[in-house]
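Structural overview for review
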Amino acid sequence: MIRDKSARKPAKGTPGNGAPEKNAARKAAPAKTAKAPAGRRGIIAIAPPSFRRERALIKRGVWPVAGCDEAGRGPLAGPVVAAAVILDPDRIPRGIDDSKRLTAEEREKLFDKICATAQVSVAVASPSRIDRDNILRASLWALKRAVVALPEPPRHVFVDGRDRLDTECDCEAVIGGDGIVLSIAAASIVAKVTRDRLMCALAQDCPGYGFEQHKGYAVPEHLDALDRLGPSVHHRSFFAPVAAARAKHMPWTVEPVRDLFSVTEVEVQLDAGVEIDVSANL
């Protein structure tokens, strides 16, 4: 029996088995996908922080609204600086963003504009407070102090992070808030610029560490200086690299760790009137 193969496979371009749809789709699709310009590959657009949350509270009659943020949790030296900002809805400077997304020059310019148009306060937690309370508690203490120091008490506070502040007004913690809430972003700029200026001043007091360059962060140059010079009075004693440098240069300041599992001899004083049977099998 001879089978007609032409009945099974229609000719190209002829109707049957969805050929028109496939041909139409092929004609509609471009031959090659257009490539993105070489200099713009991998760029992801990130929306800047907005004043949306503050404006929603204003419509409900809640005002003033403050944003607060800190700078300097991670460094090995220097203070934590917290800032609180109440932006004027009618005079918001253009270009406010998360301080980490801005250059030093952009931050300096925005710092001046924010201070000229908004209510601003700053609080500082010293390295000694960080050593005493730990970095988290010292940061929250500074943030609360910054809110209390505002010229006008806020009725609502936005704070960057997951921890709310113990304030008299409502406080809302926003994770990643410096990239979402405009008031927090403004506070991040004020805190960052203030701390950078403080670290440059500390560099003159303690030369050799390079505070003016790395602002106290654990970069290789800073770690090398710690190893050579030992810690300064501006270093945070219980941060691991600082503790290691202190043990090397000032071993007498390091308390020995007690071994709780070691066996020690204990003196036992017995009453003279007590008889002990030495033959007893103890």
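Residues numbered from 1 in each chain as written. Predicted model: local features only at pLDDT ≥ 70, side-chain atom pairs only at ≥ 80, totals over all residues. Heavy atoms only, no water.

What follows deals with the pairing of strand β2 (residues 80–86). Looking down a regular strand, the side chains alternate between one sheet face and the other. Within β2, seven of the seven residues are buried, which leaves it mostly tucked inside the rest of the structure. Neither face of β2 is left uncovered, since the one carrying Val 80, Ala 82, Ala 84 and Ile 86 and the one carrying Val 81, Ala 83 and Val 85 both have all their residues buried. By the bridge criterion, five bridges tie strand β1 (residues 65–71) to β2 in an arrangement that is antiparallel. Its bridge partner lying in β2, Cys 68 is registered against Ala 84. Bridge count between β2 and strand β3 (residues 119–125): seven bridges; the pairing is antiparallel. Paired with Val 81 across the two strands is Val 124, which belongs to β3. (Buried < 20%, exposed > 50% of the residue type's maximum accessible area, 1.4 Å probe, protein only. Helix = DSSP H or I, 4+ residues; strand = E, 2+ residues; numbered from the N terminus. Pairing = 2+ DSSP bridges.)

Where a protein is soluble and globular, its nonpolar side chains tend to be buried together. One finds Cys 68, Ala 84, Leu 143, Val 147, Val 157, Val 159 and Leu 165 to be the most contacted residues of the largest nonpolar core, which totals 25 residues. If you tally residues by element for this core, the top one is helix α6 (residues 135–148), at five residues. If near-sequence neighbours (up to four positions away) are discounted, Leu 165 is found in contact with Cys 68, Leu 140, Leu 143, Lys 144, Val 147, Val 159 and Cys 171. Ala 83, Leu 102, Ala 118 and Ala 191 belong to the second largest nonpolar core, which has 20 residues in total. (Core = buried A, V, L, I, M, F, W, Y, C linked by side-chain atoms within 4.5 Å. Contact = heavy atoms within 4.5 Å.)

For the rest of this paragraph, the subject is the packing of helix α4 (residues 104–117) against helix α7 (residues 182–205). Packing of α4 against α7 brings their axes to within 9 Å, and their N-to-C directions diverge by 115 degrees. The angle between α4 and α7 places the two elements in the roughly perpendicular class. The two elements α4 and α7 cross, and the hand of that crossing is left-handed. Between α4, through Arg 107, Glu 108, Leu 110, Phe 111, Asp 112 and Ile 114, and α7, the contact on the second element is made entirely by Ala 186, Ile 189, Val 190, Lys 192, Val 193, Thr 194, Asp 196 and Arg 197. Classifying every residue of the contact of α4 with α7 by side-chain character gives seven nonpolar, one polar and six charged. (Axes fitted to C-alpha atoms, helices over the stretch in contact; angles between N-to-C directions. Parallel < 35°, antiparallel > 145°, perpendicular 65-115°, else oblique. Left-handed = near helix turned anticlockwise from the far one by under 90°. Nonpolar A, V, L, I, M, F, W, Y, C, P; charged D, E, K, R; others polar.)

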